[in-house]
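Chain by chain, the residues:
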Amino acid sequence: GAGVSQSPRYKVAKRGQDVALRCDPISGHVSLFWYQQALGQGPEFLTYFQNEAQLDKSGLPSDRFFAERPEGSVSTLKIQRTQQEDSAVYLCASSLSSSGSFTDTQYFGPGTRLTVL
Amino acid sequence: AQSVAQPEDQVNVAEGNPLTVKCTYSVSGNPYLFWYVQYPNRGLQFLLKYITGDNLVKGSYGFEAEFNKSQTSFHLKKPSALVSDSALYFCAVRGSMDSNYQLIWGAGTKLIIKP
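Residues numbered from 1 in each chain as written. Chains lettered and ligands numbered in written order. Predicted model: local features only at pLDDT ≥ 70, side-chain atom pairs only at ≥ 80, totals over all residues. Heavy atoms only, no water.

### Quick notes on the overall build of chain B
Applied cut-off: Strands are runs of DSSP state E lasting at least 2 residues, helices are runs of H or I lasting at least 4, and numbering of each runs from the N terminus. As defined in this context, the radius of gyration uses C-alpha atoms, and a globule is described by 2.2 Å times the residue total to the power 0.38. Exposed residues in this analysis have more than 50% of their type's maximum accessible area, buried residues have under 20%, and partly exposed residues fall in between, with area computed by a 1.4 Å probe over protein chains only. Only heavy atoms matter for contacts: two residues are in contact if any of them lie within 4.5 Å across the pair. When charges are counted, Lys and Arg are positive and Asp and Glu negative, with His and the chain ends excluded. We put the charge of a Lys on NZ, of an Arg on CZ, of an Asp on CG and of a Glu on CD.
The secondary structure content of chain B amounts to zero helices and 12 strands. The order of α-helices and β-strands along chain B, N terminus first, is β-β-β-β-β-β-β-β-β-β-β-β. By the compact-globule yardstick of 13 Å for 115 residues, chain B fits well, its C-alpha radius of gyration being 14 Å. Along the three orthogonal principal directions, the C-alpha set of chain B runs to about 45 × 30 × 20 Å. Of all 115 residues assigned to chain B, the portion counted as buried reaches 45%. Here the analysis covers contacts within chain B between residues at least 6 apart in sequence; of these, 57% occur between residues at least 24 apart. Here chain B contributes 10 positive and 8 negative side-chain charges, whose respective centroids are spaced 3 Å apart.

### Overview of the packing of aromatic side chains
Operational definition: Within 6.5 Å between ring centres, the rings of Phe, Tyr and Trp (the latter by its six-membered ring) count as paired, and their orientation is classed by plane angle as stacked under 30 degrees, edge-to-face over 60, tilted in between.
What the rule picks out here adds up to 15 aromatic pairs over all chains. Here F108 of chain A and W105 of chain B contribute two aromatic rings whose centre-to-centre distance is 5.7 Å and whose plane-to-plane angle is 85°, an arrangement assigned as edge-to-face. One end of the pair, F108 of chain A, is in strand β10 (residues 107–108); the other, W105 of chain B, is in strand β11 (residues 104–105), on a second chain. Under the relative-accessibility criterion, F108 of chain A is labelled buried at 10%. Judged by centre distance (5.6 Å) and plane angle (45°), the ring pair of F63 of chain B and Y89 of chain B falls under tilted. Here F63 of chain B is found in the loop between β7 (56–58) and β8 (64–68), whereas its partner Y89 of chain B is found in strand β10 (residues 87–95), with 26 residues between them in sequence. Cluster of aromatic residues (ring-pair linked, three or more members): F33, Y35, F45, Y48 and F108 of chain A together with Y36, F46, F90 and W105 of chain B.

### Some points on the state of the cysteines
Joining two cysteines, a disulfide is a covalent bond between their sulfur atoms. Under the convention used in this document: By convention in this document, the label disulfide applies to cysteine sulfur atom pairs within 2.5 Å.
Within the structure shown, the criterion is met by two disulfides over all chains. One disulfide bridge connects C23 of chain A with C92 of chain A, the sulfur atoms lying 1.8 Å from each other. Disulfide C23 of chain A-C92 of chain A: torsion about the S-S bond near -65°, hence left-handed. A residue pair is termed long-range when its members are at least 10 positions apart, and C23 of chain A in strand β3 (residues 19–24) and C92 of chain A in strand β9 (residues 88–95) qualify at 69 residues. Take C23 of chain A and C92 of chain A: they sit in the same class, and that class is buried. In this model, C23 of chain B is linked to C91 of chain B through a disulfide, with the two sulfur atoms separated by 2.0 Å. Negative torsions about the S-S bond denote left-handed disulfides, and the value of about -60° found for C23 of chain B with C91 of chain B makes this one left-handed. Taken together, the residues C23 of chain B in the loop between β3 (19–21) and β4 (24–26) and C91 of chain B in strand β10 connect sequence positions 68 residues apart. Both residues of the pair, C23 of chain B and C91 of chain B, count as buried.

### Remarks on the side chain of Q38 of chain B
Within the fold, Q38 of chain B resides in strand β5 (residues 31–38). Its relative accessible area of 10% is what places Q38 of chain B among the buried residues. Beyond its immediate sequence surroundings of up to four residues, Q38 of chain B is in contact with Q37 of chain A together with G43, L44, A87, L88 and F90 of chain B.

What follows is the structure, given as structure tokens:
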């Protein structure tokens, strides 16, 4: 079956530009997570959705970062006025349930590599 | 505070030899532990997890991991390494008493299997 997909796979932005990164989770998955991964490092949590509700956005590094999942399926991570320090791989993951989200396996997309010049 | 440590940045193993990638953790309550593998330019692939029950967990591609509560460890193992196992391995954990939704991730261990 189809896994988690993300687009674009690569994005180059000039400093100050706005970018939008898309995540299509596995169909029927209730939980959706966004992570930021710096080169050679582990993922850092950004935000969590349960259906359309954003239940945790404690990992968003600044108010330039905004995420939404309006219909409880596709999610978009938006970064406004990009800075060089935003350069990273942005990973999306989904898991099946909400009540079991603490123990459910998270399935990851291939990521979007963002480079800010 | 919850944390996870992968003490080795890199592990080198000859093909056919057993491999171990180490992970230790600190969480509130019972730990929920995960191992993922990442190949270049690809997302993270799930290998196995420990939630409860048998301390020895078997996963994908012949990998297994042993949960040791007294040593707060969850080391990843494979009896006979393949060159294709060369990749970046991540351990992740959350605690049963954690109040947020976050998995805490280790920094990763690069596994190199030499022919």
